[in-house]
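Observations on the three-dimensional arrangement
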Amino acid sequence: MSSFLSYKLLIPLVFLASGLYVHFRGQVRHRIGRQLSDHSTFLAPLNVLMYWFSSVPSKPYIDVKQFPELQVLEQNWQTIRDEGLALFDEGHIKAAAGYTDIGFNSFFRTGWKRFYLNWYGDFLPSAKGLCPKTTDLLAGIPSVRAAMFAILPPGSTLVRHRDPFAGSLRYHLGLRVPQDAPSCRIFVDGQSYYWKDGEAVMFDETYIHYAENLTDETRLILFCDIERPLNNPIARWINREIGWRMIKAAATQNEEGEPIGGLNKAFAQVYKIRVLGKRLKAWNKPSYYLVKWAIFGGLFYWLFF
């Protein structure tokens, strides 16, 4: 009995230690209340494993030169730009239809839009049909696990956030950047970078980051998830067999008829409860937080005790 209790206590202790590591990693942090309910806390044990065995430095920005296979994208940026602009002009770069994009749902509120090329699997049929040159380039780079065109419209900002999964790194390639470039930028762990046409940047998206476009022009980039290099074969297996399968479940569509992952199917239903929560919060914030933490507390007790 005592060994069973020790085992049951070990799991929450691992989550606590991992969550604290994630919270204090870097210079910029969420408020403790936000961090407790953030997805990065629930994935903290997996992410800490990725950090420990990472072959790249633990810092906000990573030198793109460490990924020579990506140079072909910069060398062909104008070709990629032309296909991206054609998509933009024809209205294909857009927000999700309904609540079917759990990973980026909050971004749509401020005008951010995307067109998926692939998402931890095969290229979407619409992507192969509408931008064949870009998909061909990406298909030749195995370390690219996901890719999309993304726009940030004039005057918009993206909220401060961490991405949930540390098994990848984020790559941005500037395609059409506002002329007043310093006013269109991203902050990663408090350090700013402004996009430039034909220039790539790599960063660790599990540091807190946000973006803003304070100009009157639209920003267009190629946005990719790149496999994080790991120096341990077991960690690589966990990343690919567990992490990628989980993230792949967040796949969504550009056009009606393309497949939607299980997480997004569930999200469309769960969001109905979220709407009720928003109404409760608007009516009475103390009641909202009481219910929220009662649910989290109940789940924690059910899982670990």
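For the structure itself, consult the block above.
Residues numbered from 1 in each chain as written. Predicted model: local features only at pLDDT ≥ 70, side-chain atom pairs only at ≥ 80, totals over all residues. Heavy atoms only, no water.

The subject of this paragraph is the packing of helix α6 (residues 77-89) against helix α8 (residues 132-139). Contact geometry for α6 and α8: axes closest at 8 Å, N-to-C directions at 135 degrees. In this view, α6 runs oblique relative to α8, as classed from their interaxial angle. As for how α6 packs across α8, the hand of that crossing is left-handed. On α8, the residues that touch Thr-79, Ile-80 and Glu-83 of α6 are Pro-132, Lys-133, Thr-134 and Leu-137. Looking at the contact of α6 with α8 residue by residue, the classes come out as 3 nonpolar, 2 polar and 2 charged. (Axes fitted to C-alpha atoms, helices over the stretch in contact; angles between N-to-C directions. Helix = DSSP H or I, 4+ residues; strand = E, 2+ residues; numbered from the N terminus. Parallel < 35°, antiparallel > 145°, perpendicular 65-115°, else oblique. Left-handed = near helix turned anticlockwise from the far one by under 90°. Contact = heavy atoms within 4.5 Å. Nonpolar A, V, L, I, M, F, W, Y, C, P; charged D, E, K, R; others polar.)

Turning next to the packing of aromatic side chains. Given two aromatic rings, one states the distance between the centres and the angle between the planes to describe the pair. Per the stated rule, a full pass over the model turns up 13 aromatic pairs. Taken together, the ring pairs connect Phe-104, Phe-107, Phe-108, Trp-112, Tyr-116, Trp-119, Tyr-120, Phe-223 and Trp-244 into an aromatic cluster. A cation over a ring is seen here: Arg-219 above Trp-195, with NZ or CZ 4.5 Å from the ring centre. (Phe/Tyr/Trp six-rings, centres within 6.5 Å; stacked < 30°, edge-to-face > 60°. Lys NZ or Arg CZ within 6 Å of the ring centre and 35° of its normal.)

Counting residues in each nonpolar core, the largest one holds 76 residues, and the members touching the most others are Leu-73, Leu-117, Trp-119, Phe-149, Tyr-171 and Leu-222. Sorting elements by how many residues they give to this core places strand β3 (residues 144-152) first, with 8 residues. Every residue in contact with Trp-119, bar those within four places of it in the chain, is listed here: Phe-104, Arg-145, Ala-146, Met-148, Asp-225, Ile-247, Lys-248, Ala-250 and Ala-251. (Core = buried A, V, L, I, M, F, W, Y, C linked by side-chain atoms within 4.5 Å. Buried < 20%, exposed > 50% of the residue type's maximum accessible area, 1.4 Å probe, protein only.)

With that settled, consider a nonpolar patch on the surface. Together, Leu-9, Leu-13, Leu-16, Leu-20 and Phe-24 line one region of the surface with nonpolar side chains, adding up to about 490 Å² of accessible area. Structurally, the position occupied by Leu-9 is in helix α1 (residues 2-24). (Patch = residues over 30% accessible without salt bridge, like charges linked within 9 Å, V, L, I, M, F, W, Y side chains within 5 Å. Areas by Shrake-Rupley, 256 points an atom, 1.4 Å probe, with all protein chains shown as cover. Salt bridge = Lys/Arg side-chain N within 4 Å of Asp/Glu carboxyl O.)

Here strand β5 (residues 168-176) lies mainly inside the structure; 8 of its 9 residues are buried. Sheet analysis places β5 next to strand β10 (residues 219-227), joined by 8 bridges and oriented antiparallel. Looking at the pairing, Ser-168 lines up with Glu-227 of β10. Where β5 and strand β8 (residues 200-203) come together, 4 bridges link them in antiparallel fashion. In the strand pairing of β8, Tyr-171 is matched with Met-202. (Pairing = 2+ DSSP bridges.)

Let us look at helix α9 (residues 233-248). In this model α9 runs 21 Å from its N-terminal to its C-terminal C-alpha over 16 residues, within 8% of the 22 Å that 1.5 Å per residue would give. The largest bend along α9 reaches roughly 30 degrees and is located at Asn-239. Inspection of α9 places Ala-235, Ile-238, Asn-239, Gly-243, Trp-244 and Ile-247 among the buried residues, and these make up the whole buried set. Among the structural elements, α4 (44-52), β2 (113-119), β3 and β10 are those in contact with the buried residues of α9. Put simply, Asn-232 is the residue that caps the front of α9, since its side-chain oxygen is 2.9 Å from the backbone nitrogen of Ile-234. (Expected span 1.5 Å × (residues − 1). Bend = angle between axes of the 7 residues up to and from the residue. Polar contact = N/O pair within 3.5 Å; in protein donor to acceptor, adjacent residues only side chain to side chain.)

As far as function goes, none of this settles anything; it's purely spatial.
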